[in-house]
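If you want the building blocks of each chain, they are given just below.
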Amino acid sequence: MARINLLPWREELRKQKKREFGVIAFSSVMLMGAVVLYAHLHIAGLIEHQESRNKYMQGQIKLVEAKIKEISELEKKRQQLIERMRVIEELQLNRPGVVHLFQELVLLVPEGLHLDTLKQAGDKIMVTGIAQSNARVSSFMRAIDDSPWFDKPQLDVIKSESKGVDRSRKFTLQFVQTNPAASDETGS
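Residues numbered from 1 in each chain as written. Predicted model: local features only at pLDDT ≥ 70, side-chain atom pairs only at ≥ 80, totals over all residues. Heavy atoms only, no water.

(A) Representation of a nonpolar patch on the surface within the structure. Where nonpolar side chains cluster on the molecular surface, the patch consists of Leu31, Met32, Val35 and Val36 and spans about 390 Å² of accessible area. Note on placement: Val36 falls in helix α1 (residues 7-108). Residue Val36 is classed as exposed on the basis of its relative accessible area, which comes to 52%. (Patch = residues over 30% accessible without salt bridge, like charges linked within 9 Å, V, L, I, M, F, W, Y side chains within 5 Å. Areas by Shrake-Rupley, 256 points an atom, 1.4 Å probe, with all protein chains shown as cover. Salt bridge = Lys/Arg side-chain N within 4 Å of Asp/Glu carboxyl O. Helix = DSSP H or I, 4+ residues; strand = E, 2+ residues; numbered from the N terminus. Buried < 20%, exposed > 50% of the residue type's maximum accessible area, 1.4 Å probe, protein only.)

(B) Just the pairing of strand β1 (residues 113-121), in detail. Pairing of β1 with strand β2 (residues 124-131) involves eight bridges; the strand directions are antiparallel. Residue pairing for β2: Leu115 is matched across the bridge by Gly129. Count of turn residues in the β1/β2 antiparallel hairpin: two residues, of which Gly122 carries a positive phi of about 70°. (Pairing = 2+ DSSP bridges.)

(C) Quick look at the pattern of salt bridges. According to the stated counting rule, one finds three salt bridges in the structure shown. The closest approach of N and O atoms between Glu11 and Arg14, which form a salt bridge, is 3.7 Å. Of the two residues, Glu11 and Arg14 both sit in helix α1, three residues apart, roughly one turn of that helix. Judged by its relative accessible area of 39%, Glu11 falls in the partly exposed class. In this structure, Arg86 engages Glu83 in a salt bridge whose closest nitrogen and oxygen atoms are separated by 2.7 Å. On the criterion of helical spacing, the pair formed by Arg86 and Glu83 is a turn pair, its members being three residues apart in helix α1.

What follows is the structure, given as structure tokens:
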């Protein structure tokens, strides 16, 4: 009987299939490596692009914050200037007030009464003086009340002093200085 050996043929086929499998596996690994590398590079590029956008936005935010700070400083300066203008305006309005204060006091002080001190705090005025009688003080208070430049006279203290035959009254009086020109402007 004749013997036929088919083993080498099958063995060769197996070797060839193993080689093909190795090539396919190697190419698959290479292809997957290329895909992973491409994905990694693409994602890294996207991250780098987003980081550059973030840096740009941070720079723009710093610029805007600097402008906001500058605007707030300008607003403070504006408020300070407005306050200064208001003070200057008040001073301009009150400038003739001192002249009118002394002019009116000279006209209103009756004979037999003289003033020792005059203190002013804002629009409140306090005077101390000596009068020959209570009637002179009352006359002075009525004159203050009738004056367009003064208002609300209030007698704080009146003391009787006698030096020999002379009897005098020491008094302290408070009243408010007004501005008839300002009240005319607000009233109309």
